[in-house]
Amino acid sequence: MLHTRTTPTARRLALREGMASGRLLRMPGAINPLSAVLVQETGFEGVYVSGAVMSAELALPDIGLTTLTEVAGRAGQIARVTDLPTLVDADTGFGEPMNAARTVQLLEDAGLAGCHLEDQVNPKRCGHLDGKTITPADEMVRRVKAAVEARRDPAFVLCARTDARTVEGLDAAIERARAYVDAGADVIFPEALRDEREFAAFRAAIDVPLIANMTEFGKGPLLKATTLASLGYNIVIYPVTLLRLAMGAIEEGLRVIAEDGTQAPLVERMQTRSRLYELLDYSGYTTFDGDVHTFSLPPGA
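Reference entry: report on the structure contained in this document. Keep in mind that this is a model prediction, so the values were computed, not measured.

### Description of the side chain of arginine 161
Here is step 1: By the secondary structure assignment, arginine 161 is in strand S5 (residues 157–162).
Here is step 2: Within the structure, arginine 161 has its side chain in polar contact with the side chain of aspartate 163 (distance 2.8 Å).

### Observations concerning helix H9 (residues 196–205)
Here is step 1: Of the positions making up H9, those classed as buried are Glu198, Phe199, Phe202 and Arg203. Viewed along the axis of H9, the buried residues span an arc of 140°, placing them on a single side of the element. Among the exposed residues of H9, those pointing more than 90 degrees away from its buried face are Arg197 and Ala204.
Here is step 2: The backbone nitrogen of arginine 197 lies 3.2 Å from a side-chain oxygen of the residue at the head of H9, namely aspartate 195.

### Overview of the state of the cysteines
Covalent bonding between the sulfur atoms of two cysteines defines a disulfide.
Here is step 1: Enumeration over the complete set of coordinates arrives at zero disulfides.
Here is step 2: Not part of a disulfide, cysteine 115 finds its nearest cysteine sulfur in cysteine 159, a span of 8.2 Å.

### Quick word on the pairing of strand S4 (residues 114–118)
Here is step 1: The element S4 is extensively covered by neighbouring structure, given that five of its five residues are classed as buried.
Here is step 2: Here S4 shows no split at all, with Gly114, His116 and Glu118 on one side and Cys115 and Leu117 on the other all buried.
Here is step 3: Direction of pairing for strand S3 (residues 86–89) relative to S4: parallel, over a ladder of three bridges. By the bridge assignment, leucine 87 is partnered in S4 with glycine 114.
Here is step 4: Once you follow S3 into helix H5 (residues 97–109) and on to S4, the crossover reads as right-handed.
Here is step 5: Where S4 meets S5, five bridges bridge the pair, whose relative direction is parallel. Considered in S5, the bridge of glycine 114 is made with valine 157.

### Let's talk about the sheet that holds S4
Here is step 1: Strand order in the open sheet formed by five strands is S2-S3-S4-S5-S6, with parallel pairing between adjacent strands. This sheet does not close on itself; its edge strands, each paired only once, are strand S2 (47–49) and strand S6 (187–190). Looking at each pair of strands side by side, their axes are set apart by 25° on average, direction ignored.
Here is step 2: On the sheet, helix H8 (residues 170–182) packs against S5 and S6 and is oriented at approximately 155° with respect to S5.

### Thoughts on the side chain of serine 50
Here is step 1: For serine 50, the position within the fold is in the loop between S2 and helix H3 (51–57).
Here is step 2: The exposure class assigned to serine 50 is buried, which follows from its relative accessible area of 3%.
Here is step 3: Of note is the side chain of serine 50, whose polar atom sits 3.1 Å from the backbone nitrogen of alanine 52.
Here is step 4: Reaching out from serine 50, the side chain makes a polar contact with the backbone nitrogen of valine 53 at a distance of 3.2 Å.
Here is step 5: Beyond its immediate sequence surroundings of up to four residues, serine 50 is in contact with Asp89, Pro239 and Val240.

### Digging into the nonpolar core
Here is step 1: In this structure, Val88, Ile188, Phe199, Phe202, Ile206, Leu228 and Tyr233 are the most contacted members of the largest nonpolar core, which totals 54 residues.
Here is step 2: Ignoring anything within four residues of it in the chain, the contact list for leucine 228 reads Leu24, Phe199, Ala212, Met214, Leu223, Tyr233 and Val236.

### A few points about the sheet that holds strand S7 (residues 211–213)
Here is step 1: The parallel open sheet is built from three strands, whose spatial order is S1-S8-S7. Both outer strands of the open sheet, strand S1 (25–28) and S7, are each paired with one neighbouring strand and no more. Averaged over all neighbouring strand pairs, the angle between strand axes comes to 20°, with direction disregarded.
Here is step 2: Bridge count between S1 and strand S8 (residues 235–238): four bridges; the pairing is parallel. Bridge pairing in S8 places proline 28 opposite tyrosine 238.

### A short note on the packing of H8 against H9
Here is step 1: Remark: H8 packs on H9, axes separated minimally by 10 Å, with the N-to-C direction vectors making an angle of 35°. Taken as a pair, H8 and H9 cross one another with a handedness that is right-handed. Residues Leu170, Ala173, Ile174, Ala177 and Arg178 of H8 lie in contact with H9, whose contacting residues are Arg197, Glu198, Ala201, Phe202 and Ala205.
Here is step 2: Across the contact of H8 with H9, the residue classes tally to seven nonpolar, no polar and three charged.

### Structural notes on the pattern of salt bridges
Pairing between side chains of opposite charge can happen when the charged atoms of each approach one another.
Here is step 1: Enumeration over the complete set of coordinates arrives at 21 salt bridges.
Here is step 2: A salt bridge links aspartate 186 to arginine 16; the nearest nitrogen and oxygen atoms lie 3.0 Å apart. Of the two residues, aspartate 186 sits in the loop between H8 and S6 while arginine 16 sits in helix H1 (residues 8–20), which places them 170 residues apart along the sequence.
Here is step 3: Residue class for aspartate 186 comes out buried when judged on its relative accessible area of 17%.
Here is step 4: One salt bridge in this structure joins arginine 255 and glutamate 259, with 2.6 Å as the shortest N-O distance. With arginine 255 and glutamate 259 both in helix H11 (residues 241–260), this residue pair falls four residues apart, about one helical turn.
Here is step 5: Taking relative accessible area as the criterion, glutamate 259 reaches 55% and is therefore assigned exposed.
Here is step 6: Three or more residues are tied together by salt bridges with common partners; here these are Glu118, Arg161, Asp163 and Glu191.

Thresholds, definitions, all that
Residues numbered from 1 in each chain as written. Predicted model: local features only at pLDDT ≥ 70, side-chain atom pairs only at ≥ 80, totals over all residues. Heavy atoms only, no water. Helix = DSSP H or I, 4+ residues; strand = E, 2+ residues; numbered from the N terminus. Polar contact = N/O pair within 3.5 Å; in protein donor to acceptor, adjacent residues only side chain to side chain. Buried < 20%, exposed > 50% of the residue type's maximum accessible area, 1.4 Å probe, protein only. Arc of directions from axis to C-beta. Disulfide = S-S within 2.5 Å. Pairing = 2+ DSSP bridges. Right-handed = clockwise from strand over helix to strand, strands pointing away. Axes fitted to C-alpha atoms, helices over the stretch in contact; angles between N-to-C directions. Contact = heavy atoms within 4.5 Å. Core = buried A, V, L, I, M, F, W, Y, C linked by side-chain atoms within 4.5 Å. Left-handed = near helix turned anticlockwise from the far one by under 90°. Nonpolar A, V, L, I, M, F, W, Y, C, P; charged D, E, K, R; others polar. Salt bridge = Lys/Arg side-chain N within 4 Å of Asp/Glu carboxyl O.

Structure (structure tokens):
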């Protein structure tokens, strides 16, 4: 009730232990705190907070328009409600290396288990769109080093994402990833790989944990979790899946109401009031409130 029952450090250590376990950690992208509750209840190993989703929530394209304050605030709201480790997309770190350093500290304060920084320049683009521009490798190395130096909790996980595959090619992306590991990145996120062979090539070349991005309508295939596990990947994210499902349902619902003049045909598709209250732990709040109102101090207290 009210918040997670675990500490940020405990969740960060759980993320590190999970990555070292040899299992694949599955992290659906939460679109809000309530969906993060469902992610945990369904049995996943972590929660992801997508920059594209946060932008879309504000009716903005994913081109770096959101601010550090907005991202830290929303990600903190999501991390607050789940005992699972929450990993957040921190875009380019919101500026120069010093900005990346501040980003890490604010995300630590917000209770996140980790974040990833990417090697694009602003204005950035969705990782699966053409026309991206990437920063020189040495500049991204400074960004990573600043983030590492700013980290106060050594358990906080720092991930470096490279978008170089679609700009410079696979070999260059691997070389960049090696440089980012040398700079202190705990995890590498190779974006927009084209096929299973490229996923395997990255795993063969990089000896730290790897993230696989299974986003729909992207550059690569939607590989099954069993396949990614066999390839040796440590985390898989489904960043925009829940948003796309929800928005599809909302569009259809609005169409029905506009055409029929009532939502009655949609009721059977809806989450019931009782199910919503169950997710919100309504009864727990009621019990807690009752305890407060019936509490009395012992004699002499």
